[in-house]
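Structural characterization, general
Read off the chains here:
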Amino acid sequence: MPSSLGSHTVTHTSATDLEPVMFVHTSEARRLIPSASRWNSIEIDFNLLPQSSMANDSIPSQYSKSYQYNLVITDKKHFKRCLYISVSTVFLILALLLLLHFLPSKHHHDRPSKNLTLALNQALTFFDAQKSGVYPNNSPVKFRASSGLQDGNSGSKPANLEGGFYDSGNNIKFSFPTAYTVTLLSWSVIEYHDKYADIGELDHVKDIIKWGSDYLLKLFVPPNTTSDTILYSQIGSANSDAKVPNDINCWQRPEDMDYKRTVSFCDNTASDLAGEIVAALSAASLVFKEDNVYSGELVTAAEKLFESAITKLHPARQGTYTKVDACGGEARNFYSSSGHQDELVWGGTWLFFATGDNSYLGYATEEFDYAVGNETSADKGVFYWNNKLTANAVLLTRLQFFRDLGFPYEASLGASMDMTDSLMCSYLSSQKMTPGGLIIQRPNLGAARLEYAATASFLSKLYSDYLDLLRSSGRSCRGFGFSLDMLRNFSTSQVNYILGENPMKMSYMVGFGDKFPSQVHHRSASIPWDGQYYSCKDGEDRWQFSKDPNPNLLLGAMVAGPDQFDKFIDQRDKQEFTEPSISSNAGLVAALIALHPPPYLPSSKTKGMNLGIDQMGIFAKFL
């Protein structure tokens, strides 16, 4: 009696001993193998083809070592259904394989655990809250209005200095960190404008940059036959005299300011301030390169200021802006510059990119080693408003990677490349970390300072993208090797710490996540926006030392951060923990956009290298 479909009854017999039945054959491995009679027998049973005139028992087996099953299909309908399902399953598996093959591959670091689009929007919104001057009606920040409209009128050299940004939680406008902020934001746009555009933030960030660059143009008055260069360094006063209301001792919204706003200015001895403004105007000119008129205005001002700052006729006059009381005396308590060589090299490097003029690169490369030799030990390896050398090394390395100019720049660019590799190694091998994993770059401060971690995150991710464009798997320095994944993991870890993955289980950016600082040290955020005028005394008595949360959400403000043991005190009067600033937020924005996943583009256009970075955009003036 023949077995039913699927039976494993085996008979060792010859074909001549069998009744006319339908055969299938299997190998010793028990896999079905087509035979000469297999399809005939099925076709006859299904009546799909005419029955063969050749009897089954007359066909000799082609497989001498086969077993023969007696197979009878008892239900053709079920068999057809099984066949259709099997074929459909095969096609489905093939379709899935093809889909997986053609989907764009992404590195695991392109899947961050945080919502970087939301974080970036919020971090940029902080700058809207810091704007001074005629306040835009379309601003997303609704507890701010026009302020500082008379800035510049009360100085000994009256000028229209309306605009710019309030530096932090006070109402002072410091030129030095403002210029640094514009430079860093511009750099992030030059590299990652495709990412900004993809998430709808390109116009937003460009508006912020232009608000700053418009103001910087006002700060520089070129020399003429009767006077030297004039650079305005500070608007507002930080005088400690409590009897005279000023921007430090008065806890008041900028819209309510009715006290005298002093103006500080310098001549061309303020080389550091000049160099940073040159860098800012030059970098911004590349952001707005499609606007020939405005971009040209920025470059022209940068070239005039740079010429004034590095004149070989008076090299002894070069110095820092805070060494002269009339220029930046009060700023030394907040933004005291430790040297001017790094800013001049920084300015020369950016002016080279903005113009394509090799003379600026010549200056930058010639002076770079000298600037490194004069770097303070506390600042080594730190990129922030006071030290640009690490970032400058990354910029020169970029030049070496993608547009090697050869002689006479090989030695300088090679040294910059070595310095950049050493910087990356210092990030990855650093033993100076908080227990929660935040890098500590200036341990003498007794705090971790999020602003340093943010710029370290930016530079490490940016450098990994450069190496990826070169199809390099990694680099090494002093016997220590590092991969691209190591750089990206470090970069991600620092931003994730800032956004909530830390022992305090809180985001240090206001408004992001479920838990964040509520008593930010900030005048506008801490005083209700209710249409009422509040005096300095009102602010001090009612809000400066209040334990209540701020009535206004200062969205996107990154506070100073925890101490070196990951402890954070959320109190308005503990500004070493709770005060934000435009310069630190600029580093956060740069890190966020660097880590943001790139926009999707068909692999045929990107050849698998869509990193969201513009490899040649910085060389626009060379092409």
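Residues numbered from 1 in each chain as written. Predicted model: local features only at pLDDT ≥ 70, side-chain atom pairs only at ≥ 80, totals over all residues. Heavy atoms only, no water.

Let's talk about the nonpolar core
Trp187, Trp350, Phe353, Phe458 and Leu459 are the most contacted members of the largest nonpolar core, which totals 155 residues. No other element matches the twelve residues that helix H13 (residues 450–469) contributes to this core. Apart from residues lying up to four places away in sequence, Phe458 is in contact with Leu184, Trp187, Tyr192, Ala590, Ala591 and Ala594. Ranked by size, the runner-up nonpolar core spans five residues in total, among them Tyr166, Cys250, Met257 and Tyr259. (Core = buried A, V, L, I, M, F, W, Y, C linked by side-chain atoms within 4.5 Å. Buried < 20%, exposed > 50% of the residue type's maximum accessible area, 1.4 Å probe, protein only. Helix = DSSP H or I, 4+ residues; strand = E, 2+ residues; numbered from the N terminus. Contact = heavy atoms within 4.5 Å.)

Topic: the pattern of salt bridges
Side-chain pairs of opposite charge can arise whenever the charged atoms involved come near each other. Summed over all chains, the structure comprises 19 salt bridges. Between Asp468 and Arg488 there is a salt bridge, and its shortest N-O distance comes to 2.9 Å. Taken together, the residues span a long stretch of sequence, with Asp468 in helix H13 and Arg488 in helix H14 (residues 484–498) at a distance of 20 residues. For Asp468, a relative accessible area of 10% corresponds to the buried category. A relative accessible area of 1% places Arg488 in the buried class. Where salt bridges share partners, they join Asp151, Lys173, Asp247 and Arg261 into one cluster. (Salt bridge = Lys/Arg side-chain N within 4 Å of Asp/Glu carboxyl O.)

Topic: the side chain of Asp256
Along the chain, Asp256 turns up in the loop between strand S7 (230–235) and strand S8 (263–266). Setting aside its immediate chain neighbours within four residues, Asp256 contacts Gln532, Tyr533 and Tyr534.

Comments concerning the state of the cysteines
Here the structure, examined in full by the defined rule, presents three disulfides. With a sulfur-sulfur separation of 1.5 Å, Cys266 is cross-linked through a disulfide to Cys327. Its S-S torsion of about 75° marks the bond between Cys266 and Cys327 as right-handed, since a negative value means left-handed. Highlighted residues: Cys266 in strand S8 and Cys327 in helix H8 (residues 325–328), separated in sequence by 61 residues. Of the two residues, Cys266 and Cys327, both sit in the buried class. A sulfur-sulfur separation of 1.8 Å characterises the disulfide bridge that pairs Cys425 with Cys477. Taken together, the residues Cys425 in helix H12 (residues 410–429) and Cys477 in strand S9 (residues 474–477) connect sequence positions 52 residues apart. In terms of burial, Cys425 and Cys477 fall into one category: buried. By sequence order of its bonded cysteines, the chain has the disulfide arrangement 1-6, 2-3, 4-5. (Disulfide = S-S within 2.5 Å.)

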